[in-house]
Amino acid sequence: MLSQIGNRSIVLVGLMGAGKTTVGRRLAARLGLPFADADHEIEQAAGKTIPEIFEEHGEQYFRDGERRVIDRMLQEQPRVLATGGGAYINEATREAIARNGISLWLRADFNLLMKRVRRRSNRPLLKTADPDAVMRKLIDERYPVYAHADVVVDSRDVPHDQIVQSCLEALAAHLGNQHSSGAASA
Ligand code: S3P
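These lines cover the structure that appears in this document, whether it is placed above or below. Within each chain, residues carry numbers counting from 1 in the order of the written sequence. Restriction of local features to residues with pLDDT of at least 70 applies here, the model being predicted, together with a cutoff of 80 or more for giving and counting side-chain atom pairs; totals for whole chains, interfaces and linings are based on all residues. Calculation of side-chain values draws on the structure's entire complement of heavy atoms; hydrogens and water are dropped beforehand.

Attention shifts here to the pairing of strand E4 (residues 101–107). Remark: exposure states derive from per-residue accessible area (1.4 Å probe, protein chains only) relative to the maximum for the residue type, with buried under 20%, exposed over 50%, and partly exposed in between. By the criteria applied, helices consist of DSSP H or I runs no shorter than four residues and strands consist of E runs no shorter than two, each listed in order from the N terminus. Across the 7 residues of E4, 6 count as buried, placing the element largely inside the fold. Between any two strands, at least two bridges found by DSSP are needed for them to pair. Sheet topology places strand E1 (residues 9–13) next to E4; 5 bridges connect them, and they run parallel. The partner of Leu 12 across the bridge, within E4, is Leu 104. Both E4 and strand E5 (residues 151–154) contribute to a ladder of 4 bridges, which runs parallel. Bridge pairing in E5 places Leu 104 opposite Val 151.

Another point: helix H6 (residues 91–100). Within H6, burial applies to Thr 93, Ala 96 and Ile 97. Down the axis of H6, the smallest arc covering the buried residues is 100 degrees, so these residues share one side. What points out from H6, more than 90 degrees from its buried face, is the exposed set Glu 91, Ala 98 and Arg 99. Capping the start of H6 is the job of one residue whose side-chain oxygen sits 2.9 Å from the backbone nitrogen of Ala 92: Asn 90. Of all possible arcs, the one meant is that of the directions from the helix axis to the C-beta atoms. Definition of a polar contact: a pair of N or O atoms within 3.5 Å, with one able to donate and the other able to accept a hydrogen when the atoms are protein atoms, and with sequence-neighbouring residues admitted only if both atoms are side-chain atoms.

This next bit is on the layout of surface pockets. Whether a set of points on the 1 Å grid over the protein atoms alone is a cavity depends on a 1.4 Å probe fitting there but being unable to get out, while an open set qualifies as a pocket with protein on both sides within 12 Å along at least five of seven lines; lining residues are those with an atom within 4 Å of a point. Grid points are joined across faces, edges and corners, and a volume is the space filled by probe spheres set on the points. Looking at the largest pocket, its volume works out to about 810 Å³. The wall of the largest pocket is formed by 32 residues, among which Thr 21, Asp 39, Arg 120, Asn 122 and Arg 123 lie closest to the centre. Element by element, the count of residues in the lining of the largest pocket is highest for helix H3 (residues 38–46), at 4 residues. In the scheme used here, Gly and all other residues not listed as nonpolar or charged are polar, with Ala, Val, Leu, Ile, Met, Phe, Trp, Tyr, Cys and Pro taken as nonpolar and Asp, Glu, Lys and Arg as charged. Residue composition of the lining of the largest pocket, by class: 10 nonpolar, 11 polar and 11 charged. Its volume calculated, the second largest pocket comes out at about 160 Å³.

If a single non-hydrogen atom of a residue is within 4 Å of a molecule or strand, that residue counts as near it. As a structural note, the neighbourhood of the ligand is formed by 13 residues, with Lys 20, Asp 39, Arg 63, Arg 123 and Arg 142 the closest of them. The contact in question runs from an oxygen atom of the ligand to an N or O atom on the backbone of Gly 85, over 2.9 Å. Per-residue and other accessible areas follow the Shrake-Rupley method at a 1.4 Å probe size, with only the shown protein chains counted as cover for residues. Calculation on the ligand without its partners gives an accessible area of 380 Å², and the protein chains cover 94% of this total. To be counted as sitting in a cavity or pocket, a molecule needs more than half of its atoms within 2 Å of that site's grid points. Counting atoms within 2 Å of the grid points, the majority share of the ligand lands in the largest pocket. In terms of residue class, the shell around the ligand is built from 5 nonpolar, 3 polar and 5 charged.

Turning our eyes to something else, we now look at the packing of aromatic side chains. The rule is short: rings of Phe, Tyr and Trp, with Trp giving its six-membered ring, pair when the centres are within 6.5 Å, and they are stacked under 30 degrees, edge-to-face over 60, tilted in between. Under the defined criterion, the tally for this structure stands at 4 aromatic pairs. Where Trp 105 meets Tyr 143, the ring centres are 4.9 Å apart and the plane angle is 75 degrees; that geometry is what we call edge-to-face. One end of the pair, Trp 105, is in strand E4; the other, Tyr 143, is in helix H8 (residues 131–146), with 38 residues separating them in the sequence. Comparing Trp 105 with Tyr 143, the two get one shared label, buried. On the basis of an interplanar angle of 40 degrees and a centroid distance of 5.6 Å, the ring pair of Trp 105 and Tyr 146 is categorised as tilted. Taken together, the residues span a long stretch of sequence, with Trp 105 in strand E4 and Tyr 146 in helix H8 at a distance of 41 residues. Accessibility expressed as a relative area gives 4% for Trp 105, which makes it buried. The buried category is assigned to Tyr 146, whose relative accessible area is 0%. Taken together, the ring pairs in this structure connect Trp 105, Tyr 143 and Tyr 146 into an aromatic cluster. Note on criteria: charge over ring means Lys NZ or Arg CZ within 6 Å of the ring centre, with the direction from the centre no more than 35 degrees off the ring normal. Lying over the aromatic face of Trp 105, Arg 107 brings its terminal NZ or CZ to 5.4 Å of the ring centre. Across from the ring centre of Phe 110, 3.7 Å away, lies the NZ or CZ of Arg 136, which sits over that ring.

That's the geometry; what it means functionally is another story.
Right, here's the structure in full:
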């Protein structure tokens, strides 16, 4: 599969709680590719946590940094890259991913997302009186955009390795289709 992936990165997109980082790390190990987490890189570059960046500079500042960091990372080397939930919503980032990567949407339903995000309090967007309502709104706004991803995998409430296996199968199917359509038109 690596030769078909070529110079591209596998870019995981989807909402907070979908499992992008956990699944991404294991997917990278299975593929023999390096793993990186864009949110982590943004924090390193800023020398601040994401909640601190939101609090001290606001969301727009975070979004600008997010776009720049992901653009840079996509040009560095092929790898599995987990992105923050808002990254793929930015048109320039979507285009950069389309140029340099294969996008994989980890799709999860509301209940699973809320179950996962409740465990941690590091997400500024959910620090509101009604996180359920925010999550529902984000699902409505973002799912039509995530749907543009090259590959879609349902993130279910099962051990992560099963989701990793589904990702590998979906990627193989996508790459196989690309290969055969390329061959047909050659
Ligand atoms: C965000 C998701 C977060 C992080 C930031 C904003 C979003 O990443 O980038 O809090 O807009 O959905 P995760 O999806 O990894 O939680």
